[in-house]
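Descriptive analysis of the structure
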Amino acid sequence: MWCSRVSLRRLQRIAVAPLNASSPVISMQRASSTLPRVYVTRKIPPEGLRILSESGQVQYELWDSDDPVPRQELLRRVRGVDGLVCVLTEKIDGELLDAAGPNLRVLSTMSVGYDHLSLEELKKRGIRVGYTPDVLTDAVAELTVALLLTTSRRLIEATHEAKTGGWGTWRTMWLCGYELANSTVGILGLGRIGVAIAERLKPFKVQKFIYTDVAPRPELARTIQAEYVSMEELAKQSDFLAVCCALTPETQGICNRKLFSQMKNTAVFINTSRGGVVNQEDLYEALSSGQIAAAGLDVTTPEPLPTSHPLFTLKNCVILPHVASASYSTRNAMSALAANNLLTGLRGEPMPKELKL
Ligand SMILES: O=C(O)[C@H](O)CO
């Protein structure tokens, strides 16, 4: 539905924090209005919806659900829109952009990752793109540390044993794992998130941080005293290897048999970036054969990972359902940034966070 007073009241009802009653609420315009039309592909968190609603700058239609809009519905709904707000499950490709047509000027994704966007197609059409870096760095780094500790200290196995009668007497080597103190932590793809992870791990007495990337990143590396190494050295030296790179054609499947075979058999592998950077068959082999000690994954291919997937059978593999940025404050900040990117973009102004195409 195109948002009107009625639907705005509905939005207020779903808000976690109520809208400020004293602030004037600008009513959304009906479809007949001349305001730019925007399609929002998902029920985004309340802060972003509030910004859109109160802007008085756009009329928008929202797929008012936690589940993705079906593709055919999406293709139908985007027809003629000026702006589009999406999340990472929507494939924004030539077909979709053709369906939207020439009015589409701004795409705003509520994600830092943009592997779901065809940048070439967007660039070709002169469509500006907003995304949401920075605001999720803390939440993702926090979750990565939590996942690393959960995996390396075998917390899921431990709670399972405690609950299901496996907890006998105190045993000297039972449920032993690997500790961060005196370890080498490797970061594959050093950016804001990699630095934030390292900053959080440092107080655990990590001995050394190493990283690899397409080229050295001395300024970022200096903040965490990380040493630039080759991919091979990263694999060989890391006790903990955290994947923080974006998914691109170059990084697709980069964590494969070769990498795992170079790693220590005591090493713990952690991925909170994108599932596509990992060859999951090779990871399964490495985990089940004892080539590496354990893996913690927040991202997989596909998502959701089918419950019948072999990785779920492994005790040394902890799998989370892509929740690294899932804190109330971060998801609200992401939606607010996505809304502000869209509104500034439509006004022809610099966006708070614009992707350079
Ligand atoms: O790209 C992103 O934003 C994350 O994967 C989800 O928050």
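In the nomenclature of an unreviewed UniProt entry, the protein chain corresponds to Glyoxylate reductase/hydroxypyruvate reductase from the organism Anguilla anguilla. Annotation of the protein chain in UniProt includes, under Sequence similarities (unreviewed entry), the sentence "Belongs to the D-isomer specific 2-hydroxyacid dehydrogenase family."

**Observations concerning the sheet that holds strand 9 (residues 240-243)**
What the 7 strands build is an open sheet, ordered 8-7-6-9-10-11-12; its pairing is parallel. The outermost strands of the open sheet, each flanked by one partner alone, are strand 8 (226-228) and strand 12 (317-319). Between one strand axis and the next, the sheet turns through 20° on average, direction left out of account. The sheet contact formed by strand 6 (residues 184-188) and strand 9 spans 4 bridges and is parallel. The partner of Val185 across the bridge, within strand 9, is Phe240. Here helix 6 (residues 137-152) sits on the sheet in contact with strand 9, strand 10 (268-271), strand 11 (294-297) and strand 12, set at roughly 150° to strand 10.

**Comments concerning the sheet that holds strand 2 (residues 59-62)**
The 5 strands are arranged 2-1-3-4-5 in an open sheet whose pairing can be described as parallel. In this open sheet, the two edge strands, each paired with only one partner strand, are strand 2 and strand 5 (128-130). The mean angle between the axes of side-by-side strands here comes to 15°, regardless of whether they run parallel or antiparallel. Contacting strand 1 (37-40), strand 3 (83-86), strand 4 (106-109) and strand 5, helix 13 (residues 328-346) crosses the sheet at an angle of about 170° to strand 4.

**A short note on helix 8 (residues 192-201)**
Across the 10 residues of helix 8, 7 count as buried, placing the element largely inside the fold. Listed as buried for helix 8 are Ile193, Gly194, Val195, Ala196, Ile197, Ala198 and Leu201. Contact partners of the buried residues in helix 8: helix 6, strand 6, strand 7 (208-212) and helix 9 (218-223).

**Some points on the environment of Val323**
On the secondary structure map, Val323 appears in the loop between strand 12 and helix 13. Between the C-alpha atoms of Val323 and Ala162, which are 161 residues apart in sequence, the distance is 25 Å. Each residue touching Val323, except ones within four places of it in the same chain, is listed here: Leu143 and Asp298.

**Overview of the packing of helix 2 (residues 46-55) against helix 13**
Closest axis-to-axis distance for the helix 2/helix 13 pair is 6 Å, and the angle between their directions is 30°. With respect to helix 13, the axis of helix 2 lies roughly parallel. Seen from helix 2, the contacting residues are Pro46, Glu47, Gly48, Ile51, Leu52 and Ser55; seen from helix 13, they are Asn332, Ser335, Ala336, Ala339, Asn340, Leu342 and Leu343. Across the contact of helix 2 with helix 13, the residue classes break down as 7 nonpolar, 5 polar and 1 charged.

**Here we look at the nonpolar core**
Val38, Val40, Leu52, Leu201 and Leu342 are the most contacted members of the largest nonpolar core, which totals 52 residues. Apart from the residues within four sequence positions on either side, Leu201 is in contact with Val145, Leu148, Leu180, Val185, Val206 and Phe209. Of all hydrophobic cores here, the second largest spans 28 residues; its members include Ile210, Met263, Leu287 and Leu311.

**Structural notes on the site of the ligand**
Taken together, Leu88, Ser111, Val112, Gly113, Leu136, Arg274, His322, Ser325 and Met334 make up all the residues around the ligand. A distance of 2.6 Å is found between an oxygen atom of the ligand and a side-chain nitrogen or oxygen belonging to Arg274. Taking His322, its side chain carries an N or O atom lying 2.8 Å from an oxygen atom of the ligand. The fraction of the free accessible surface of the ligand (230 Å²) that becomes covered by protein chains is 92%.

**A word on the UniProt feature "domain: D-isomer specific 2-hydroxyacid dehydrogenase catalytic" (unreviewed entry) in the protein chain**
Under the UniProt annotation, the feature "domain: D-isomer specific 2-hydroxyacid dehydrogenase catalytic" (unreviewed entry) is placed at residues 38-354. Secondary structure content for residues 38-354 is 35% helix and 15% strand, and the end C-alpha separation is 18 Å.

**Considering the pattern of salt bridges**
Between side chains of opposite charge, a pair can form as their charged atoms come close. Taken as a whole and judged by the stated rule, the model has 23 salt bridges. One salt bridge in this structure joins Asp115 and Arg274, with 2.9 Å as the shortest N-O distance. Note that Asp115 is positioned in the loop between strand 4 and helix 5 (119-124) and Arg274 in the loop between strand 10 and helix 12 (280-288), a separation of 159 residues in sequence. Take Asp115: its relative accessible area is 36%, and that puts it in the partly exposed class. Here Arg274 falls in the buried class, since its relative accessible area comes to 14%. A salt bridge links Lys236 to Glu232; its shortest N-O distance comes to 2.7 Å.

**What to know about the packing of aromatic side chains**
The final tally for this structure, using the stated rule, is 3 aromatic pairs. Here the aromatic rings of Tyr114 and Tyr131 are separated by 5.8 Å at their centres, their planes lie at 80°, and the arrangement is edge-to-face. Of this pair, Tyr114 sits in the loop between strand 4 and helix 5 while Tyr131 sits in the loop between strand 5 and helix 6, and the two are 17 residues apart along the sequence. Given a relative accessible area of 13%, Tyr131 falls into the buried group. Ring centres of Tyr211 and Tyr228 lie 5.3 Å apart, and the angle between their planes is 65°; on these two criteria the pair is classed as edge-to-face. One end of the pair, Tyr211, is in strand 7; the other, Tyr228, is in strand 8, and 17 residues separate them in sequence. Residue Tyr211 is classed as buried on the basis of its relative accessible area, which comes to 2%.

**Considering the side chain of Ser53**
With respect to the secondary-structure elements, Ser53 resides in helix 2. We classify Ser53 as buried; its relative accessible area is 2%. Here the side chain of Ser53 touches Leu49 through a polar contact of 2.8 Å, landing on its backbone oxygen. Looking at Ser53, its side chain comes within polar contact range of the side chain of Tyr60, at 2.9 Å.

Calculation criteria
- Residues numbered from 1 in each chain as written.
- Predicted model: local features only at pLDDT ≥ 70, side-chain atom pairs only at ≥ 80, totals over all residues.
- Heavy atoms only, no water.
- UniProt positions renumbered as here; feature names shortened; annotations may be inferred.
- Pairing = 2+ DSSP bridges.
- Helix = DSSP H or I, 4+ residues; strand = E, 2+ residues; numbered from the N terminus.
- Axes fitted to C-alpha atoms, helices over the stretch in contact; angles between N-to-C directions.
- Contact = heavy atoms within 4.5 Å.
- Buried < 20%, exposed > 50% of the residue type's maximum accessible area, 1.4 Å probe, protein only.
- Parallel < 35°, antiparallel > 145°, perpendicular 65-115°, else oblique.
- Nonpolar A, V, L, I, M, F, W, Y, C, P; charged D, E, K, R; others polar.
- Core = buried A, V, L, I, M, F, W, Y, C linked by side-chain atoms within 4.5 Å.
- Near = heavy atom within 4 Å.
- Polar contact = N/O pair within 3.5 Å; in protein donor to acceptor, adjacent residues only side chain to side chain.
- Areas by Shrake-Rupley, 256 points an atom, 1.4 Å probe, with all protein chains shown as cover.
- Salt bridge = Lys/Arg side-chain N within 4 Å of Asp/Glu carboxyl O.
- Phe/Tyr/Trp six-rings, centres within 6.5 Å; stacked < 30°, edge-to-face > 60°.

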